[in-house]
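Okay, here's what each chain looks like letter by letter:
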Amino acid sequence: MSRTLLVIAGYVLALMVAGAAVAIHAAITDDPDSQASSGMRAFGDSILLLAVFGLGAIPPSAAALFWLRPCPSFWRAASVVALAIAATGITALIAHLLPQGADAGSVAGTWSVWSPLRVLLAPLFAITFLLAGLLAPARSYRSALLGATAIETAVFFWGVLTWIQPFR
């Protein structure tokens, strides 16, 4: 029970630090220009919150994964879930790369609309899968988790390359 509370406290602390980072950023950048584009500022603040929380959540996640090493059923499930999540990254990247001619109400149109957000989540998934892969107790689990890490890394960098390509 104390291990669980320690992990939860770590996540709460990471969330508090992330909230403080966003509050400091909002106070520093409070000017008429940022108020004129409040939607973009809110999106940027949410990305900042997610990034700082993701980095702050590494220690409690590592502790939880270390304590879960003796549970093979957890690692089996984590490996399968990681590969399934990585598959959604590949699907989102393909939807992002395809021409935008799909109807907005169709499945392809929905994937196309949401694909940039999924690509932006890839680094968070990659860090999570890498951490789990490094702490996995068996080679098969490590292989699956590190493979998912490689997929998420490729999805993110390929997505970013398509975004910066028009600026060349």
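Going by the structure above, here's the rest.
Here the structure is a predicted model, which is why all the values come from computation and not from measurement.

## Here we look at the pattern of salt bridges
1) Next: Counted under the stated rule, the structure contains 3 salt bridges.
2) Next: With its nearest N and O atoms 3.9 Å apart, the salt bridge here joins R41 to D45. With R41 and D45 both in helix α3 (residues 38–56), this residue pair falls 4 residues apart, about one helical turn.
3) Next: Judged by its relative accessible area of 18%, R41 falls in the buried class.
4) Next: Taking the relative accessible area as the measure of exposure, D45 reaches 14% and is therefore buried.
5) Next: Across the salt bridge formed by E152 and R118, the nearest N and O atoms sit 2.6 Å from each other. Separated by 34 residues along the polypeptide, E152 in helix α7 (residues 139–164) and R118 in helix α6 (residues 107–135) bring together distant segments of the chain. Across the pair, R118 and E152 agree in class, each one buried.
6) Next: Each of D30, R41 and D45 takes part in one network of salt bridges that share partners.

Procedures and definitions
- Residues numbered from 1 in each chain as written.
- Predicted model: local features only at pLDDT ≥ 70, side-chain atom pairs only at ≥ 80, totals over all residues.
- Heavy atoms only, no water.
- Salt bridge = Lys/Arg side-chain N within 4 Å of Asp/Glu carboxyl O.
- Helix = DSSP H or I, 4+ residues; strand = E, 2+ residues; numbered from the N terminus.
- Buried < 20%, exposed > 50% of the residue type's maximum accessible area, 1.4 Å probe, protein only.

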